[in-house]
Amino acid sequence: MVDFELTEEQKAACKMAHEFALNEMRPIALECDKEGKIPDELIKKAAAAGLTAMAIPEEYGGGGLDQLTAAMVSEELFWGCAGIATTLGANSLATTPMMIAANDDQRQRYFPRLCDPDDPKFAAFCLTEPGAGSDAAAISTTIQETDDGYILNGQKCFITNGGIADFYTVFCTFDKEKKYGGIGAVIVERAYEGVSIGKKEDKMGIRASNTTEVIFDNVKVPKENLLVPMGQGFYNVMTTLDLTRASVAAAGVGVARAAFEEALKYAKERVQFGRPIIAQQSINFMLAEMAMKIEAGRRLYQLAAWKATKGLPCSLESSYAKAFGGDLAMEVTTNAVQIHGGYGYMKEYLVEKLMRDAKIMQIYEGTAQIQRLVIGANLMGITDAYPWG
Ligand code: COS
């Protein structure tokens, strides 16, 4: 039985997120984009509303949202501002490896730090390196076991919240010869000696978010901070991305929806050749295409997130959703600029920012091509496509 009705809890979470996006994010979105930062005041308000620790279990002070509800909240926040929403949502990516693998002691020591509304902290997911992007198994950050713990050395790049995080979930290799079989993960605090922040990136879009290098120079990591032992790290990364990609797909839908609304409003107001341009079939069809694909993108991410919530395998659906959602964001924002004509190219029109923000949706958490690679690899094991179980 297919049921499209949201629960009261889901409706309340989406409404709260939408109001936050409308009243708190939208009014400062262009300013944050220009300045490349977010006021502390806004982070505090977001933390007080539970938006920085949505997925952390309630027993540690978090929102305890399931993947489906979290993805729908993500759509609303990205509708508000993709740069701010990327900052607020990054804790979910950083803590998913912990939700999979952390022991009780690690949960108790680290989860509450992200849930304190008076002093909200961030965590950051450290996988990507200068030489290991799509090829995640090629990471070179090394970890060596010592008598009382580990020594970590290496450099991570493009780390969301790298410069503002309190701790990091760091994927590293115990033995590079073993390729993905050598990968593990540790929890590293910003305060540990030898941890430093490298270059802060000057990005095309999602400019409000903080993206930096993070460098580990002979960092002593205590034994109790081993998160994933050697050999299990790559599976943890793959499972993490399977679980989080639905929210990135939802982000793409949110950005696309924001652009569609702007284009629709403009097409109704803008008069050329004696009538509103929405009456021109060429424009009307562009808007119809946008509306149809946004609806399809939403159903795809909801399916992936629903499967994740149920604990069902969701790798294929997550990649369908992420590939579609990223491409959707790029296509819809580009066409929204097109509908605005020359005005859309100007910074005072929101669609200009939306188009710049959209591009990252085809890149981060697995490029559009990697998603197709995952889908294609799944096809090898599929002999028919009968969908009814
Ligand atoms: N869940 C669990 N295990 C998985 C998995 C998944 N979704 N995908 C692959 N694995 C397992 C495989 O089963 C295999 O295990 P065994 O050898 O024990 O059978 C192992 O992982 C290696 O798989 P594979 O050979 O497919 O790995 P590759 O190195 O070829 O990489 C891709 C696979 C390309 C899918 C992976 O590197 C990837 O997702 N890259 C993108 C990384 C990314 O998203 N980066 C962005 C960082 S976050 S901003």
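Cut-offs used in this document
Residues numbered from 1 in each chain as written. Predicted model: local features only at pLDDT ≥ 70, side-chain atom pairs only at ≥ 80, totals over all residues. Heavy atoms only, no water. 1 Å grid on protein atoms, 1.4 Å probe; cavity = no way out; pocket = protein on both sides within 12 Å on 5 of 7 lines; lining within 4 Å. Points joined across faces, edges and corners; volume = space filled by probe spheres on them. Helix = DSSP H or I, 4+ residues; strand = E, 2+ residues; numbered from the N terminus. Nonpolar A, V, L, I, M, F, W, Y, C, P; charged D, E, K, R; others polar. Domains from an automatic or database assignment. Near = heavy atom within 4 Å. Polar contact = N/O pair within 3.5 Å; in protein donor to acceptor, adjacent residues only side chain to side chain. Areas by Shrake-Rupley, 256 points an atom, 1.4 Å probe, with all protein chains shown as cover. Contact = heavy atoms within 4.5 Å. Buried area = accessible area lost by both parts, 1.4 Å probe. Axes fitted to C-alpha atoms, helices over the stretch in contact; angles between N-to-C directions. Buried < 20%, exposed > 50% of the residue type's maximum accessible area, 1.4 Å probe, protein only. Phe/Tyr/Trp six-rings, centres within 6.5 Å; stacked < 30°, edge-to-face > 60°. Lys NZ or Arg CZ within 6 Å of the ring centre and 35° of its normal. Salt bridge = Lys/Arg side-chain N within 4 Å of Asp/Glu carboxyl O. Patch = residues over 30% accessible without salt bridge, like charges linked within 9 Å, V, L, I, M, F, W, Y side chains within 5 Å.

So, on to the layout of surface pockets. Here the second largest pocket defines a volume of roughly 1,000 Å³. Taken together, 28 residues line the second largest pocket, and the ones lying closest to its centre are Val2, Arg299, Gln302, Leu303 and Trp306. Among the elements of the structure, helix H3 (67–80), helix H7 (281–310) and helix H8 (315–340) are those that each provide at least two residues to the lining of the second largest pocket. Per-element tally for the lining of the second largest pocket: the top contributor is H7, with seven residues. Split by residue class, the lining of the second largest pocket holds 18 nonpolar, four polar and six charged. Structurally, the lining of the second largest pocket is a two-domain feature, drawing no fewer than three residues from each of domain 1 (8–114) and domain 3 (234–381).

Attention shifts here to the site of the ligand. Every one of the 19 residues lining the ligand counts as a neighbour, but Ser134, Tyr180, Tyr235, Asp242 and Arg245 are closest to it. A distance of 2.7 Å separates a nitrogen atom of the ligand from a polar backbone atom of serine 134. A distance of 3.1 Å is found between an oxygen atom of the ligand and a backbone nitrogen or oxygen belonging to glycine 366. Protein contacts shield 64% of the accessible area of the ligand, which totals 1,000 Å² for the unbound molecule. Take the shell around the ligand: its biggest share by element is six residues, from helix H6 (residues 233–269). Residues from two domains meet in the shell around the ligand; each of domain 2 (123–232) and domain 3 (234–381) gives at least three.

On to the domain arrangement of the protein chain. Each domain of the protein chain was delimited in the assignment, giving domain 1 (8–114), domain 2 (123–232) and domain 3 (234–381). Here the C-alpha centroids of domain 2 and domain 3 sit 30 Å apart. The interface of domain 2 with domain 3 comprises 15 residues on the first partner and twelve residues on the second. Between domain 2 and domain 3, the buried area comes to about 1,200 Å², and carbon and sulfur atoms account for 72% of it. When residues of domain 2 are sorted by the area they lose upon contact with domain 3, Met204, Ile206 and Gln232 head the list and together hold 37% of the total.

For the pair helix H1 (residues 8–35) and helix H4 (residues 82–101), the least separation of the axes is 8 Å and the interaxial angle reads 115°. Taken together, the residues of H4 that come into contact with H1 (itself represented by Phe20, Met25, Ile28 and Cys32) are Ile84, Ala85 and Leu88. Looking at the contact of H1 with H4 residue by residue, the class counts come to seven nonpolar, no polar and no charged.

Glancing now at unusual backbone geometry. Excluding glycine, residues mostly carry a negative phi; peptide bonds, for their part, are mostly trans. Although it is not a glycine, isoleucine 206 sits at a positive phi angle of roughly 30°. Along the polypeptide, isoleucine 206 turns up in the loop between strand S6 (195–200) and strand S7 (211–222). Residue isoleucine 206 is classed as buried on the basis of its relative accessible area of 4%. Unlike most non-glycine residues, phenylalanine 273 shows phi in positive territory, near 50°.

Applying the stated criterion across every chain, the model contains eight aromatic pairs. Ring centres of tyrosine 180 and tyrosine 235 lie 6.3 Å apart, and the angle between their planes is 75°; on these two criteria the pair is classed as edge-to-face. Taken together, the positions of tyrosine 180 in the loop between strand S4 (165–173) and strand S5 (183–189) and tyrosine 235 in helix H6 put the pair 55 residues apart, joining distant regions of the chain. We classify tyrosine 180 as partly exposed; its relative accessible area is 42%. Arranged with centres 5.6 Å apart and planes meeting at 45°, the rings of tyrosine 343 and tyrosine 349 form a pair that is tilted. The exposure class assigned to tyrosine 343 is partly exposed, which follows from its relative accessible area of 40%. Classification of tyrosine 349 by relative accessible area gives partly exposed; the value is 27%. The ring of tryptophan 79 carries the charged tip of arginine 26 above its face, separated from the ring centre by 3.9 Å.

The next subject is the pattern of salt bridges. In the structure shown here, the tally under the stated rule is 26 salt bridges. Between arginine 113 and aspartate 166 there is a salt bridge whose closest N-O contact spans 2.8 Å. Of this pair, arginine 113 sits in the loop between helix H5 (104–110) and strand S1 (122–126) while aspartate 166 sits in strand S4; the two residues are 53 residues apart in sequence, bridging distant segments of the chain. A residue is classified by how much of its surface remains accessible, and arginine 113, at 26% relative accessible area, is partly exposed. Judged by relative accessible area, which is 17%, aspartate 166 ranks as buried. Here lysine 199 and glutamate 201 are joined by a salt bridge, their closest N and O atoms 3.2 Å apart.

A word on empty space enclosed by the protein. For the structure shown, the criterion picks out one cavity of 30 Å³ or more. When its volume is computed, the largest cavity comes out at roughly 40 Å³. Around the largest cavity, the lining residues are Leu51, Thr52, Ala53, Met54, Ala55, Ile56, Leu88, Gly89, Asn91, Ser92 and Thr95.

The grouping of Leu303, Trp306 and Leu312 at the surface amounts to a nonpolar patch, some 260 Å² of accessible area in total. Here leucine 303 lies in helix H7.

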